[in-house]
Amino acid sequence: MALACRRTTFEWVLRRAVLEHPEVDLRVGLAVDGVIATDGEAGRPVVTGVRATDADGRTDTIAADLVVAAAGRSGAVRWLAELGVEPEVVEEDTGIVYLSRFYRLLDGATPPEQTGPIGADLGYLKYAIFQGDNRTHSVTFAVRTRDDELRSQLLDPSAFEVAAGLLPATAPWVDPAIATPITEVHVMGGLLNRHIRFRDEAGEPLVLGLVAVGDAHTCSNPLYGRGCSLAMVQAELLADAVAGHGADLHALVTAYEDASTTEIEPWYHAAVAQDRMARDAAARERARAERGQEPGTDPGADDEADPGSFMADVMREGLLPAVRTDAVVFRAFIRAFNLLATPDALMADADVLNRVMRAYQARPTPTRAGPGPPRRDMLAALAS
């Protein structure tokens, strides 16, 4: 079962649930500027609360037995820097920029027929349909960060509509007889795979009294749709650590970070590996174009000898089509998508792999219709 809704709707419902909890005190209008701490053993700071500022600029401190940093990628690092603590930050650019536009189905219109997830990778462009609440959906494109020409074109709403209309999978969802746009084109850049290490090389916590969850601890390419899910898993890991160790902050932080290393970090490494594979595939497409080869055609001899090139093609032209047409592959994909299996479980299953390879062998050739036009034809259509 999947929950299809807009992020704003999800957060509105979550906020209502929080407000109904009798033990929660939600303080609206306060911005946390930093943490307060005391000196602990071995020079390790012990966080004892936060420093907050209200809308009128008044500053106050709020004491806490445990501070949970959940304010996104940079908050925890900035707060700890004030204490002289510098956790190791490992990050790698995803290499893509998102462009999204939201639509609403017209009154009486029936949603286009859908079999499995709607999305594909054209090498130069990734695209997907995300259904939401109240008869809404979005069309999202992902372009390479260095592809200024295509990105600048897609920023224009008219060009965005042209591009969506050229793709067989998205065209029905932007048909004016079916849906109407309700937003402009939104851009999401600065997308990073980022992991923060809150322990030293010996495995000792850098600070006590503070833990981070979600993007404040580990974030990955939103293309893979794991952000909220990983944050929820970490919330459970933290709850387990608190229940198991209570006021023993050292044991609590150690147990939590051990669990995060096992349950969260593998997904970071998987995202990094997938993004590197995608960047390499894009570089090969450019090389093919420079050789005068039509983008999207069968790989050359050099590409076929490259295991990375082969696997990238299998993922793009085998796995994604199989997810839409094969129930066994779809179930395995959904298990991995929902973190019910390890990142490598999908392609380690012999039956699933065989089914993916069959889809790959049946992939479109230059003489058969594929999921979208090559980059050159797309740019020509957008410029016309």
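For the structure itself, consult the block above.
Residues numbered from 1 in each chain as written. Predicted model: local features only at pLDDT ≥ 70, side-chain atom pairs only at ≥ 80, totals over all residues. Heavy atoms only, no water.

**Remarks on the sheet that holds strand β2 (residues 45-53)**
Phase 1 of the analysis: Spatially, the 3 strands line up as an open sheet ordered β1-β2-β3, and their pairing is antiparallel. Across the chains shown, the open sheet's two edge strands, defined by having one partner strand only, are β1 (31-39) and β3 (59-63). When strand polarity is set aside, the average angle formed by the axes of neighbouring strands in this sheet is 35°.
Phase 2 of the analysis: As defined by bridge partners, β1 adjoins β2 across 8 bridges and the pair is classed as antiparallel. Looking at the pairing, Ile-36 lines up with Gly-49 of β2. (Pairing = 2+ DSSP bridges. Helix = DSSP H or I, 4+ residues; strand = E, 2+ residues; numbered from the N terminus. Axes fitted to C-alpha atoms, helices over the stretch in contact; angles between N-to-C directions.)

**Section: the sheet that holds strand β14 (residues 218-219)**
Phase 1 of the analysis: Pairing in this open sheet of 3 strands is antiparallel, and the strands run β5-β12-β14 from one edge to the other. Looking at the sheet topology across the chains shown, the edges are occupied by β5 (88-93) and β14.

**Concerning the nonpolar core**
Phase 1 of the analysis: In this structure, Leu-125, Val-139, Phe-141, Leu-150, Leu-154 and Met-378 are the most contacted members of the largest nonpolar core, which totals 29 residues.
Phase 2 of the analysis: Elements supplying a minimum of two residues to this core: β6 (96-105), β8 (125-131), β9 (136-144), α3 (148-154), α4 (157-166) and α13 (375-383).
Phase 3 of the analysis: In contact with Leu-125, not counting residues within four places along its chain, are Ala-120, Phe-141, Ala-142, Val-143, Leu-150, Leu-154, Leu-167 and Met-378. (Core = buried A, V, L, I, M, F, W, Y, C linked by side-chain atoms within 4.5 Å. Buried < 20%, exposed > 50% of the residue type's maximum accessible area, 1.4 Å probe, protein only. Contact = heavy atoms within 4.5 Å.)

**Quick notes on the pairing of β9**
Phase 1 of the analysis: In terms of residue burial, β9 counts as a mostly covered element, since 9 of its 9 residues are buried.
Phase 2 of the analysis: Both β6 and β9 contribute to a ladder of 9 bridges, which runs antiparallel. Bridge pairing links Leu-99 to Phe-141 in β9.
Phase 3 of the analysis: In the sheet, β8 pairs with β9 via 7 bridges, with the strands oriented antiparallel. Bridge pairing in β9 links Ile-129 to Val-139.
Phase 4 of the analysis: Connecting β8 to the antiparallel partner β9 that follows it, the hairpin turn spans 4 residues, and Asn-134 within it adopts a positive phi of roughly 55°.

**What to know about the environment of Glu-285**
Phase 1 of the analysis: By the secondary structure assignment, Glu-285 is in helix α7 (residues 265-290).
Phase 2 of the analysis: The exposure class assigned to Glu-285 is buried, which follows from its relative accessible area of 11%.
Phase 3 of the analysis: Sequence separation between Glu-285 and Leu-122 is 163 residues, and the spatial gap between their C-alpha atoms is 10 Å.

**Concerning unusual backbone geometry**
Phase 1 of the analysis: Within the chain, Asn-134 stands out as a residue other than glycine whose phi angle is a positive 55°.
Phase 2 of the analysis: Secondary-structure assignment places Asn-134 in the loop between β8 and β9.
Phase 3 of the analysis: Among the residues examined, Asn-134 registers a relative accessible area of 55% and is labelled exposed.
Phase 4 of the analysis: Not every positive phi belongs to a glycine, and Arg-135 is a case in point at roughly 60°.
Phase 5 of the analysis: Tracing the chain through its elements places Arg-135 in the loop between β8 and β9.

**Some words on the packing of helix α5 (residues 227-245) against helix α6 (residues 249-263)**
Phase 1 of the analysis: Between α5 and α6, the shortest axis-to-axis distance is 9 Å and the interhelical angle comes to 150°. Judged by the twist between their axes, the crossing of α5 over α6 is right-handed. Where α5 approaches α6, its residues Val-233, Gln-234, Leu-237, Leu-238, Ala-241, Val-242 and His-245 are matched on the opposing element by Ala-251, Leu-252, Ala-255, Tyr-256, Ala-259, Ser-260 and Glu-263.
Phase 2 of the analysis: Per-class residue counts for the contact of α5 with α6 are 10 nonpolar, 3 polar and 1 charged. (Left-handed = near helix turned anticlockwise from the far one by under 90°. Nonpolar A, V, L, I, M, F, W, Y, C, P; charged D, E, K, R; others polar.)

**Quick word on the packing of aromatic side chains**
Phase 1 of the analysis: In this structure the tally under the stated criterion is 2 aromatic pairs.
Phase 2 of the analysis: Taken together, a centroid distance of 4.7 Å and an interplanar angle of 45° make the contact between Phe-141 and Phe-160 tilted. Residue Phe-141 is located in strand β9, and its partner Phe-160 is located in helix α4; the two are separated by 19 residues in the primary sequence.
Phase 3 of the analysis: Looking at Phe-160, the relative accessible area reads 0%, which means it is buried.
Phase 4 of the analysis: On the basis of an interplanar angle of 20° and a centroid distance of 6.1 Å, the ring pair of Phe-333 and Phe-337 is categorised as stacked. Taken together, the residues Phe-333 and Phe-337, both in helix α10 (residues 327-337) and 4 residues apart, mark about one turn of the helix. (Phe/Tyr/Trp six-rings, centres within 6.5 Å; stacked < 30°, edge-to-face > 60°.)

**Brief notes about the packing of α10 against helix α12 (residues 350-361)**
Two measures define how a pair of helices packs: the angle their axes make with one another and the distance between the axes.
Phase 1 of the analysis: At a closest axis distance of 9 Å, the pairing of α10 and α12 adopts a crossing angle of 120°. When the axis of α10 is compared with that of α12, the two are oblique. Considering only the axes of α10 and α12, their crossing is left-handed. Only Asp-351, Val-352, Arg-355 and Val-356 of α12 make contact with α10, whose side of the interface consists of Val-328, Val-329 and Ala-332.
Phase 2 of the analysis: The class makeup of the residues in the contact of α10 with α12 is 5 nonpolar, no polar and 2 charged. (Parallel < 35°, antiparallel > 145°, perpendicular 65-115°, else oblique.)

**Comments concerning empty space enclosed by the protein**
Phase 1 of the analysis: Applying the stated criterion across every chain yields a total of 2 cavities of 30 Å³ or more.
Phase 2 of the analysis: Volume-wise, the second largest cavity comes out at about 40 Å³.
Phase 3 of the analysis: Lining the second largest cavity are Phe-198, Pro-205, Val-207, Leu-210, Val-211, Ala-212, Val-253 and Glu-257.
Phase 4 of the analysis: Looking at the lining of the second largest cavity, the elements that each hand over two or more residues are β13 (210-212) and α6.
Phase 5 of the analysis: A total of 3 residues in the lining of the second largest cavity trace back to one element, the largest contributor, which is β13.
Phase 6 of the analysis: Among the residues making up the lining of the second largest cavity, the classes are represented as 7 nonpolar, no polar and 1 charged. (1 Å grid on protein atoms, 1.4 Å probe; cavity = no way out; pocket = protein on both sides within 12 Å on 5 of 7 lines; lining within 4 Å. Points joined across faces, edges and corners; volume = space filled by probe spheres on them.)

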